[in-house]
Amino acid sequence: MAKQNPRKLPSEASTYVLAARAEEALRLGSFKEAIELYKQLLKQEARPEWRDALAAGYVGRAKALSAKGLFKEAEVVLGNAVALDGAVKEPLFLLSCLIRQGQIQKALAQALKYIGTNALTPGHGRLLSDLTAALYLARPVPLAAGDGHPPARVEWIAAANAARAALDALTAQKSADEIEPLLANIPARSPFGPVRLIVKSLLTEDPAKARRLLDGVPPDSAFGPLRLAAEAALPGEPAEVVGRLSRASAAQRAFALDRLAGGASGSPMLARLLDAERGGPGTLFTFLSKQAASLPAADVRNACFNLLPEVPDRIALFEKTFAKLTEADKARIFALAAEAKQDWARAETQWRAAAARFADDGSREGKLSAGIIYRHLATLSVKEPKIAGEDIFTDPVVSYLRKSLDCDPDHLPAVLQLIKLYREDGDEKDWHALADEAAQRFPTESAVLMQAIESAAARKAYKKAAGFAKKLLAVDPINRPARQRMIELQISHARKQMRSKRPDLASMELAAASEWERADTPNADLRINQGLVGLRGGMDLQAEGRLREGVELAGGGAVGWFRAALQDALMTPPRQRPVALVGDELSRALRGVPSKLDIVTTAALLSAEAVRADPKATYELGWKFCTWLRSATHTVLSVAEFHSVADAIVRAQLFDVLREFAVAGKRREPNERLWRFYEIVARTTNNPDRMYVAEEDEIRAICNSPTIHKDPHGSGRIDRYLDGSGDDPSSKRRARRREASLATGDLELLETILAGFVSSISPRDVQRLVKSYGRDGAVTALADRLAQLPLGASAPSPLLKMVAGAMVATALGEASPPFRTSPYGGAR
Amino acid sequence: MKDPFSILGVDENADDNEIKRRYLALVRDFPPDREPERFQTYRAAFEALQTERQRLAAKLLAQHNSALARLETASLPPPEARRQRRVSQAQLTALLVEGVEQAMARWEEASRTDGA
């Protein structure tokens, strides 16, 4: 094997490659690799920038080690950085590593080097000076100012020596008269100022004065714990003293008790108690269990009882010493112990056992306790996936909330939460049943009555909704959302009547709606609809007046007439012309150039739920709006204001208008990357499949930028664009095509995977589900479960429902073989 | 957070009136304008014990140290029997080191947040 020539210089190309690799490793945080590479580079040539980069690598590595708790190793690595040029790169970080290792003397020696120098930024310099003051007083070393020392260092050392002398006098039990003159030598504005205040507070006999003095010491300074300890040692009524002691840390408590009791000899029992506390819960339990005779017995029992979750193996000792525990208490102790170990499965089992025992108790407190535990399990199951619930088919949050209400039906927040969950999950039957039941149980709670209104409205039970609304307004007469909701409901009912060509009924409906209107807040939509119904029915002489009044209330001008036109479109039966007055006035209003307010307000109108729900009726108006926008593409809109405008433009498919807005926005705000996103949407006509590779990279960069994470509206729009899940006609078409392609292409793969699930559920389980939830409920439960399978998430819901339906049919003995028909109609 | 019974310094079987009385006394001693953080702590503890269900939940779902704190107070000698108050160098060292460690931890946390 040929020997390598050690003097052979590497080629320029390999050095370049090595340097690039080193730079990349440093940038990516691969400090170990970066350190090795820069070491190799420095062997080749001692460039200062490589030496600095190596030092940065050492600092980065040291910080990574420190984050893992390896402080000694971090200190050694920082030492390597110092060896490069003799300068400590991050003095505060080095100090932190030393303090974390308990090397107080070494930390003090290191910190003292910086006192009186300008080596640090002012903020870091102040912090270091305060920390050094506390370190010096904790472990004093002889300090004397040298001849060449800067004045700031000389002042600091003088203040340090004065503070030291005062504390020495305090620990030597000298009298206040002797200590006071020493305190006067400590400059109040020096880093040792807090010592002056704290020692003064310890010398005074007046607790109020002491508290005022201690208020001058910031609790988050390095002297904070000493201040809190001095505060805890202030005399006061027993409960106050107890409260202060219980909030104090171990060191603060030891200080305070020593001051209050005059030392271990002043209270041997207290000294033993504190020693036992320091020994941990086991030692403390053993100590306390032997003190029932010498200390208040009830408190000893309670203190031991409260320690049991930390030492559950002492339950037998507890029962022997004090009294037998109930099964519910034992289960609770085991549950808390399991939670502390994050053993969630065991915690769930034990909590359920505890809840069942409490509920069996039959007392009010027992029932409330069971309710509390079930609600706790519901909360835990949101955070911990290992909390599985009672059966695999029901969301554990729902099942535990249900059980909590069985035990404690009067807990309003649980009722509201469960109603919300039923509603979100589309569990209509349970939603309506619970909303009705809650309205009976809480007849004066506006939040419940509001839910009952929504539930009744969803069932189109308008009279029932009106009944709930009346009850709600009786308890809360100025509940604006309830009034608004009732007017909206009755307007939409009136629209239905108009579409059925019954203007007389619509007119009655609107008259009923006006009962919800407050005289001081007239409703624009109501007036507009009254006017429109009157004009279409030809029965109301004041119809035009009402319509114009409504338009004025809606802001007048183009916005007002646009609103009237939308209301008209929503109530117009198919293929019927709009009211002439509205059409004429709107055309006249749209001749002008829209203002910023016009654009934003009209876009908001087009984003309303009722408008989006009926795209066919309102498409033409959306198109008119976007055509109107052509004359205003240079309007100064922020990207946040533009989102809803963009939605309207995309729905109208006027992508040239969108592009003009995006280009103008990009020119105004070159750093706002969402303008570029809208430019891409316009070029690809909202079809992500048409993106160029470079555009995909740009979208990826936008998604990864930190600013987009703070803008949920922007990121939501990017997601919708990439998923093709927008509500514009072409996105809907593409979604249908995708689903159809999945239905025909991937169905076999789905069959294979789903078949595993199907065979894992026995027909008896399915029959039990049908018995509990009815046929539809069982299908929904099985489909939900299927959706949680790895491939189930990507499967269309009709397909999952079909599989679930086939499983139910098979279990009930009425089945044709599953998966043989397409969920989209027709045999496969 | 420490348990609300200990923060307010009340018995775990204390009723509405006792809890309210104790809370008002604490607010009087530490008004929100002078001690905003401490007031927030007391307020949160008071709100956590306002109803019967909340008190039961605080007892059931967590451990609390108020009985232990009461035992410590019971172990204190009566005021008339207390001797000269003492402060030892060991205690000062422990408290000052605790302060340095806490200040250092806050600085590290702030540096991490700034870095992020």
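Residues numbered from 1 in each chain as written. Chains lettered and ligands numbered in written order. Predicted model: local features only at pLDDT ≥ 70, side-chain atom pairs only at ≥ 80, totals over all residues. Heavy atoms only, no water.

1. Overview of the overall build of chain A
Counting its secondary structure elements, chain A contains 45 helices and zero strands. When each of the 828 residues of chain A is scored for burial, the buried share is 47%. In chain A, of all internal contacts separated by at least 6 residues, the share reaching a separation of at least 24 is 54%. Split by element, the accessible area of chain A, about 40,900 Å² in all, is 53% carbon and sulfur. (Helix = DSSP H or I, 4+ residues; strand = E, 2+ residues; numbered from the N terminus. Buried < 20%, exposed > 50% of the residue type's maximum accessible area, 1.4 Å probe, protein only. Contact = heavy atoms within 4.5 Å. Areas by Shrake-Rupley, 256 points an atom, 1.4 Å probe, with all protein chains shown as cover.)

2. A word on the side chain of A:His411
Along the chain, the position of A:His411 falls in the loop between helix H22 (396–407) and helix H23 (412–425). Those residues within four positions of A:His411 in sequence are excluded, and the remaining contacts are A:Arg375, A:Leu405, A:Phe442 and B:Arg53.

3. Notes on the interface of chain B and chain A
Of the residues lining the interface, 59 residues belong to chain B; the matching set on chain A comes to 92 residues. Taking the shortest distance from any N to any O, the salt bridge between A:Asp408 and B:Arg53 comes out at 2.6 Å. Counting the contacts that link chain B with chain A gives 18 residue pairs in polar contact (both at pLDDT 80 or more). Ranked by residues supplied to the side of chain B that touches chain A, first place goes to helix H6 (residues 89–115) of chain B with 19 residues. Considering only residue class, the side of chain B that touches chain A consists of 26 nonpolar, 13 polar and 20 charged. (Salt bridge = Lys/Arg side-chain N within 4 Å of Asp/Glu carboxyl O. Polar contact = N/O pair within 3.5 Å; in protein donor to acceptor, adjacent residues only side chain to side chain. Nonpolar A, V, L, I, M, F, W, Y, C, P; charged D, E, K, R; others polar.)

4. Details of the pattern of salt bridges
Residue and element names in this part refer to chain A. Scanning the model with the defined rule gives 51 salt bridges over all chains in all. Glu-454 is the salt-bridge partner of Arg-485, the closest N and O atoms lying 2.6 Å from each other. Placement of the pair is Arg-485 in helix H27 (residues 480–499) and Glu-454 in helix H25 (residues 446–458), with a sequence separation of 31 residues. The shortest N-O distance in the salt bridge between Asp-504 and Arg-502 comes to 2.9 Å. Using a relative accessible area of 34% as the deciding quantity, one classes Asp-504 as partly exposed.

5. Looking at the confidence of the model for chain A
All names here are of chain A. Here chain A averages 83 in pLDDT, while 88% of its residues score no lower than 70. Averaged pLDDT values over the elements of chain A bottom out at 56 in helix H42 (residues 729–745) and peak at 94 in helix H19 (residues 327–340). Across residues 1–10 the pLDDT falls below 50, and counting only partners more than four positions away or on other chains, this stretch makes two contacts in the model. Below pLDDT 50 for its whole length, residues 816–828 participates in 24 contacts with residues either more than four positions away or in separate chains. (pLDDT = per-residue confidence, 0-100.)

6. Focus: helix H3 (residues 48–67) of chain A
Compared with an ideal rise of 1.5 Å per residue, which puts 20 residues at 28 Å, H3(A) spans 29 Å between its outermost C-alpha atoms and is within 8% of the ideal. If you check which residues of H3(A) are buried, you get A:Trp50, A:Ala53, A:Leu54, A:Ala55, A:Gly57, A:Tyr58, A:Val59, A:Gly60, A:Ala62, A:Leu65 and A:Ser66. (Expected span 1.5 Å × (residues − 1).)

7. Describing the nonpolar core
Ranked by internal contacts, the top residues of the largest apolar core, which has 85 residues, are A:Ile453, A:Leu547, A:Phe625, A:Phe642, A:Ile649, A:Leu658 and A:Phe677. It is helix H31 (residues 557–571) of chain A that provides the largest number of residues to this core, a total of ten residues. In this view, A:Phe642 contacts A:Leu637, A:Ile649, A:Leu658, A:Phe661, A:Trp675 and A:Tyr678; residues no more than four positions away in its chain are not counted. Among the nonpolar cores identified, the runner-up in size contains 82 residues, and A:Ala22, A:Val195, A:Leu226 and B:Met104 belong to it. (Core = buried A, V, L, I, M, F, W, Y, C linked by side-chain atoms within 4.5 Å.)

8. A short note on helix H35 (residues 615–629) of chain A
Its 15 residues give H35(A) an end-to-end C-alpha distance of 19 Å, which sits within 8% of 21 Å, the value for a rise of 1.5 Å per residue. Against H31, helix H32 (580–589), helix H33 (596–606), helix H34 (609–613), helix H36 (639–652) and helix H37 (655–668) of chain A lie the buried residues of H35(A).

9. Description of the packing of helix H8 (residues 151–171) of chain A against helix H9 (residues 176–184) of chain A
All names here are of chain A. For the pair H8 and H9, the least separation of the axes is 8 Å and the interaxial angle reads 165 degrees. Taken together, the axes of H8 and H9 lie roughly antiparallel to each other. As H8 runs across H9, the sense of the crossing is left-handed. Contacts between H8 and H9 involve Ala-162, Ala-165, Ala-166, Ala-169 and Leu-170 from the former and Ile-179, Leu-182 and Leu-183 from the latter. Here the residues of the contact of H8 with H9 are counted per class, giving eight nonpolar, no polar and no charged. (Axes fitted to C-alpha atoms, helices over the stretch in contact; angles between N-to-C directions. Parallel < 35°, antiparallel > 145°, perpendicular 65-115°, else oblique. Left-handed = near helix turned anticlockwise from the far one by under 90°.)

10. Quick notes on the side chain of A:Glu75
Residue and element names in this part refer to chain A. Positionally, Glu-75 belongs in helix H4 (residues 71–85). A distance of 2.7 Å separates a polar atom in the side chain of Glu-75 from a polar atom in the side chain of Lys-106. Sequence-distant contacts of Glu-75, that is, excluding residues within four places in its chain, are made with Leu-94, Leu-98, Gln-101, Gln-103 and Lys-106.

11. So, empty space enclosed by the protein
For the structure shown, the criterion picks out three cavities of 30 Å³ or more. In this model, the second largest cavity occupies a volume close to 50 Å³. Around the second largest cavity sit A:Ala303, A:Asn306, A:Leu307, B:His64, B:Asn65, B:Ser66, B:Ala67 and B:Leu68, which together line it. Looking at the lining of the second largest cavity, the elements that each hand over two or more residues are helix H17 (297–307) of chain A together with helix H5 (66–75) of chain B. (1 Å grid on protein atoms, 1.4 Å probe; cavity = no way out; pocket = protein on both sides within 12 Å on 5 of 7 lines; lining within 4 Å. Points joined across faces, edges and corners; volume = space filled by probe spheres on them.)

12. Overview of the packing of H19(A) against helix H20 (residues 344–361) of chain A
Residues and elements named next belong to chain A. Where H19 meets H20, the closest approach of the two axes is 8 Å, and the angle between their N-to-C directions is 160 degrees. In this view, H19 runs roughly antiparallel relative to H20, as classed from their interaxial angle. The two elements H19 and H20 meet at a crossing, and its hand is left-handed. Listed contacts from H20 to Glu-327, Ala-328, Asp-329, Ala-331, Arg-332, Phe-334, Ala-335, Leu-336, Ala-338 and Glu-339 of H19 are Trp-344, Arg-346, Ala-347, Gln-350, Trp-351, Ala-353, Ala-354, Arg-357 and Phe-358.

13. Side note on the packing of aromatic side chains
Residue and element names in this part refer to chain A. With the rule as written, the count across this model stands at 15 aromatic pairs over all chains. Consider the rings of Tyr-374 and Tyr-400, whose centres lie 6.3 Å apart with planes at 20 degrees: the pair is stacked. Pair noted here: Tyr-374 is in helix H21 (residues 364–383) and Tyr-400 is in helix H22, with a separation of 26 residues, a long-range link. Taken as a pair, Tyr-374 and Tyr-400 share a single burial class, namely buried. Ring centres of Phe-642 and Phe-661 lie 5.2 Å apart, and the angle between their planes is 35 degrees; on these two criteria the pair is classed as tilted. Highlighted residues: Phe-642 in helix H36 and Phe-661 in helix H37, separated in sequence by 19 residues. Residue Phe-642 is classed as buried on the basis of its relative accessible area, which comes to 0%. Assessed through its relative accessible area of 2%, Phe-661 is described here as buried. (Phe/Tyr/Trp six-rings, centres within 6.5 Å; stacked < 30°, edge-to-face > 60°.)

14. Concerning the layout of surface pockets
All names here are of chain A. Here the largest pocket is characterised by a volume of approximately 1,000 Å³. Lining the largest pocket are 31 residues; nearest its centre among them are Arg-485, Ser-492, Arg-495, Glu-609 and Ala-610. Those elements that place two or more of their residues in the lining of the largest pocket are H25, H27, H31, H33 and H34. The element that contributes the greatest number of residues to the lining of the largest pocket is H27, accounting for ten residues. Here the lining of the largest pocket is composed, by residue class, of 15 nonpolar, four polar and twelve charged. Here the second largest pocket is characterised by a volume of approximately 830 Å³.

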